[in-house]
Amino acid sequence: MEKITIAIDGYSSTGKSTIAKQLAKALNYIYVDTGAMYRGVTLYAMRNGFISETSNDLEGLIAALDNIDLRFVYNETLGFAELFLNDENVEREIRTMEVSRLVSQVATVEEVREKLVAIQQRMGLEKGIVMDGRDIGTVVFPDAELKIFMTASPEKRATRRYKELLDKGEEVKYSEVLKNVEHRDYIDSHREISPLKKADDAIEFDNSDMGLEDQFSRVLDFANRVI
Ligand code: C5P
């Protein structure tokens, strides 16, 4: 069977990665979480003093980009790939609220996007890939055979994210999570380079009132119509 490229874009915390992971597993495709890559660069920038809540040195970050090596390593037990930053597993560190607060700023930097988009395009050369992010259907794989644009109300998304963070033991307030989700959406959709927007040929998929099972069967159905 011919393999295709599946691009899943959408707002923060729409559940893109959960659905993308399940879909990749069902089709025996590779799954790539591009948000993790922007988070990895942000973690590097935080640790090396290029960005904080109060200041930033984005020129310094650009000059240091060649020192950043990002790699996904598949974890059999977890059933998905974890992000390694310069050979260190940073899967946990990249999901904190601190990274979430700073990542959208790092993602506005043209040189950062160029570096990550080039890696993403290389990973998709042989198709058979499900990639999620903000610019996959518009910039990374404009010719993807299936493009899905996921949306849900900000309150639904913040509630899901809030539960996820509590489960991981992070102490956060719901209001803070809602503010972060709305703030990231704003920066992501208003930035100059590759802003978050639905590709003209993407299927818009609002999952505000859908459970995981329903979402998955709908998305699998979209895929089966193309493959
Ligand atoms: O998907 P996730 O919420 O982990 O993404 C974190 C941030 O990374 C987004 O809010 C966005 O600023 C940035 N991002 C991006 N382009 C992508 C994926 C993520 O700009 N393809």
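Residue numbering note: each chain is counted from 1, following its sequence as written. With pLDDT at 70 or above as the cut-off, local features in this predicted model cover only qualifying residues; side-chain atom pairs require 80 or more to be listed or tallied, and sums for whole chains, interfaces and linings still use all residues. Side-chain numbers come from the whole structure's heavy atoms, not from hydrogens or water.

> How should the UniProt feature "binding site: ATP" (unreviewed entry) in the protein be read in this particular structure?
UniProt positions are given in the numbering used here, feature names are shortened, and annotations may be inferred rather than shown by experiment. Here the UniProt feature "binding site: ATP" (unreviewed entry) sits at Gly10, Tyr11, Ser12, Ser13, Thr14, Gly15, Lys16, Ser17 and Thr18. What counts as a helix is a DSSP run of H or I of at least four residues, what counts as a strand is a run of E of at least two, and both are numbered from the N terminus. Summarising the element assignment, Ser12 is placed in the loop between β1 (5-10) and α1 (16-27). A contact between two residues is defined here by any heavy atoms of the two lying within 4.5 Å. The residues contacting Ser12, other than those within four sequence positions of it, are Arg134, Arg157, Val181, Arg184, Asp185 and Asp188. If you trace the backbone, Ser13 turns up in the loop between β1 and α1. In contact with Ser13, not counting residues within four places along its chain, are Arg157, Arg160, Arg161, Val181 and Arg184.

> I tried to follow the pattern of salt bridges on my own but got confused; where do I start?
Should their charged atoms come close, side chains of opposite charge can pair. Salt bridges, as used here, are contacts in which a Lys or Arg side-chain nitrogen is within 4 Å of a carboxyl oxygen on Asp or Glu. Scanning the entire structure with this criterion turns up 15 salt bridges. As a salt-bridge pair, Asp33 and Arg95 come within 3.1 Å of each other at their nearest N and O atoms. Taken as a pair, Asp33 in strand β2 (residues 30-33) and Arg95 in the loop between β5 (88-89) and α4 (97-106) lie far apart in primary sequence, 62 residues in all. Considered together, Asp33 and Arg95 belong to a single accessibility category, that of buried residues. Residue Glu176 pairs with Arg101 through a salt bridge whose shortest N-O separation is 2.7 Å. Residue Glu176 is found in helix α8 (residues 174-190), and its partner Arg101 is found in helix α4; the two are separated by 75 residues along the sequence. When salt bridges that share partners are traced, they join Asp33, Glu91 and Arg95 into one network. Only protein chains enter the accessibility calculation, which uses a 1.4 Å probe. A residue is then buried if its area is under 20% of the maximum for its type, exposed if over 50%, and partly exposed in between.

> Looking at this structure, I do not really get the site of the ligand. What am I missing?
Not every one of the 15 residues close to the ligand is listed here, only the nearest: Arg39, Arg113, Arg184, Asp188 and Arg191. By the criterion applied in these results, polar contacts are pairs of N or O atoms within 3.5 Å in which, for protein atoms, one can donate a hydrogen and the other can accept it, and in which residues neighboring in sequence qualify only through two side-chain atoms. For the ligand, a nitrogen atom lies 2.8 Å from a polar atom in the side chain of Asp135. Contact with the protein chains covers 95% of the free accessible surface of the ligand, which is 460 Å². Those elements that provide at least two residues to the shell around the ligand are α2 (34-47), α4 and α8. Among the elements that take part in the shell around the ligand, α2 stands out by supplying 4 residues, more than any other. Near residues are defined by distance, with any heavy atom within 4 Å of the molecule or strand qualifying the residue. Only the protein chains shown count as covering a residue, and every accessible area follows the Shrake-Rupley method with a 1.4 Å probe.

> Mind showing me how you'd approach the sheet that holds strand β3 (residues 70-75) here?
Paired through backbone hydrogen bonds, the strands of a sheet run either parallel or antiparallel to each other. Strand pairing is assigned whenever DSSP identifies at least 2 bridges connecting the two strands. The strand order across the open sheet built from 3 strands is β3-β4-β5, with neighbouring strands paired in antiparallel fashion. Of all strands in the sheet, those bounded by a partner on one side alone are β3 and β5. Packing of α2 onto the sheet brings it into contact with β3, β4 (80-85) and β5, and relative to β4 it is tilted by some 25°. Fitted lines through C-alpha atoms serve as axes, helices being fitted only where they are in contact, and the angles separating the N-to-C directions of these axes extend from 0 to 180 degrees.

> Can you walk me through a negative patch on the surface in this structure?
Patch membership requires more than 30% relative accessible area and the absence of a salt bridge. Residues of like charge join within 9 Å; the nonpolar side chains Val, Leu, Ile, Met, Phe, Trp and Tyr join within 5 Å. Counted charges follow a simple rule, with Lys and Arg positive, Asp and Glu negative, and His plus the chain ends left uncounted. Think of each charge as sitting on NZ of Lys, CZ of Arg, CG of Asp or CD of Glu. Together, Asp57, Glu59, Glu110, Glu111, Glu114 and Glu192 make up a region of like negative charge exposed at the surface. Here the element with the most residues in the negative patch is helix α5 (residues 110-123); it accounts for 3 residues. Under the relative-accessibility criterion, Glu192 is labelled exposed at 79%.

> I tried to follow the packing of α4 against α8 on my own but got confused; where do I start?
Two numbers describe a pair of packed helices, the interaxial angle and the distance between the axes. Closest axis-to-axis distance for the α4/α8 pair is 9 Å, and the angle between their directions is 20°. The angle between α4 and α8 falls in the class roughly parallel. Where α4 crosses over α8, the two elements pack in a sense that is left-handed. Residues Met97, Ser100, Arg101, Val103 and Ser104 of α4 pack against Glu176, Val177, Asn180, Arg184, Ile187 and Asp188 of α8. Basically, the charged four are Asp, Glu, Lys and Arg, the nonpolar ten are Ala, Val, Leu, Ile, Met, Phe, Trp, Tyr, Cys and Pro, and anything else, Gly included, counts as polar. Here the contact of α4 with α8 is composed, by residue class, of 4 nonpolar, 3 polar and 4 charged. Roughly parallel means an angle under 35 degrees; roughly antiparallel means over 145; roughly perpendicular covers 65 to 115; every other angle is labelled oblique. By convention, the crossing between two helices is left-handed when the near helix turns anticlockwise from the far helix through less than a right angle, and right-handed when the turn is clockwise.

> How should the UniProt feature "domain: Cytidylate kinase" (unreviewed entry) in the protein be read in this particular structure?
UniProt feature "domain: Cytidylate kinase" (unreviewed entry): in the numbering of this structure it lies at residues 6-223. As annotated, residues 6-223 has a helix share of 48% and a strand share of 17%, and its two end C-alpha atoms lie 8 Å apart.

> Can you walk me through the environment of Tyr38 in this structure?
Along the chain, the position of Tyr38 falls in helix α2. For Tyr38, a relative accessible area of 6% corresponds to the buried category. When the C-alpha positions of Tyr38 and Ala199 are compared, they lie 21 Å apart, and in sequence the two are 161 residues distant.

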